[in-house]
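The chain contents come next:
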Amino acid sequence: MRKARRGDLAIIWPATLQTGWDDLPKDEQSGLDRVSWEQHFRKKIEAFVEGDRTERWVAEGPSGEFLGYVIVGESGFLTPETHAFLYDIWVAPDHRGQGIGKT
């Protein structure tokens, strides 16, 4: 694991947007324009993906291949007290099922 670098955003952004899209029910997706939805969603989460409110960590393989990432930070929007929050976790499709996302 290493701290994410600016260049990692080229993988993080498309993966995060795809995850968000995939989480929408199919009937909701069918009523949306994907490009417009992504622009709107990106604005909503930009502070978490790129801002200083969170930390981004990347999992790399022995050859430096990008295996996945996590976005973590603190949050107080679910409860009155501030607590740790996992904003996003993603594993590259070719590496899923191999324990990359385990502690």
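Up top is the structure.
Residues numbered from 1 in each chain as written. Predicted model: local features only at pLDDT ≥ 70, side-chain atom pairs only at ≥ 80, totals over all residues. Heavy atoms only, no water.

Chemist: Sorry, what's going on with the overall build of the protein chain here?
Modeler: For the protein chain, the count of helices and strands is 3 helices and 4 strands. Secondary structure of the protein chain in N-to-C order comes out as β-α-α-α-β-β-β. Its C-alpha atoms give the protein chain principal-axis dimensions of about 45 × 35 × 25 Å. Sorting the 103 residues of the protein chain into buried and exposed places 32% on the buried side. For the protein chain, the accessible area works out to roughly 6900 Å², and carbon and sulfur atoms hold 53% of it. Charged side chains in the protein chain number 13 positive and 17 negative. The centres of these two groups are separated by 3 Å. (Helix = DSSP H or I, 4+ residues; strand = E, 2+ residues; numbered from the N terminus. Buried < 20%, exposed > 50% of the residue type's maximum accessible area, 1.4 Å probe, protein only. Areas by Shrake-Rupley, 256 points an atom, 1.4 Å probe, with all protein chains shown as cover. Lys, Arg positive; Asp, Glu negative; His and termini not counted. Charge placed at Lys NZ, Arg CZ, Asp CG, Glu CD.)

Chemist: Teacher, can you tell me more about helix H1 (residues 9–22) here?
Modeler: The end-to-end C-alpha distance of H1 is 19 Å, a good match for the 20 Å that 14 residues give at a rise of 1.5 Å each. Buried within H1 are the following residues: Leu-9, Ile-12, Trp-13, Ala-15, Thr-16, Leu-17, Gly-20 and Trp-21. In this fold, the buried residues of H1 make contact with helix H2 (26–30), helix H3 (34–49), strand E3 (66–75) and strand E4 (83–91). (Expected span 1.5 Å × (residues − 1). Contact = heavy atoms within 4.5 Å.)

Chemist: Got a minute to help me understand the packing of aromatic side chains in this structure?
Modeler: How two aromatic rings sit relative to each other is given by the distance of their centres and the angle of their planes. Tallying each qualifying case throughout the model produces 6 aromatic pairs. Ring geometry for Trp-21 and Trp-37: centres 5.2 Å apart, planes at 65 degrees, overall edge-to-face. Of this pair, Trp-21 sits in helix H1 while Trp-37 sits in helix H3, and the two are 16 residues apart along the sequence. Its relative accessible area of 12% is what places Trp-37 among the buried residues. Where Phe-48 meets Tyr-87, the ring centres are 4.8 Å apart and the plane angle is 25 degrees; that geometry is what we call stacked. (Phe/Tyr/Trp six-rings, centres within 6.5 Å; stacked < 30°, edge-to-face > 60°.)

Remember, this is a structural readout, not a statement about activity or role.
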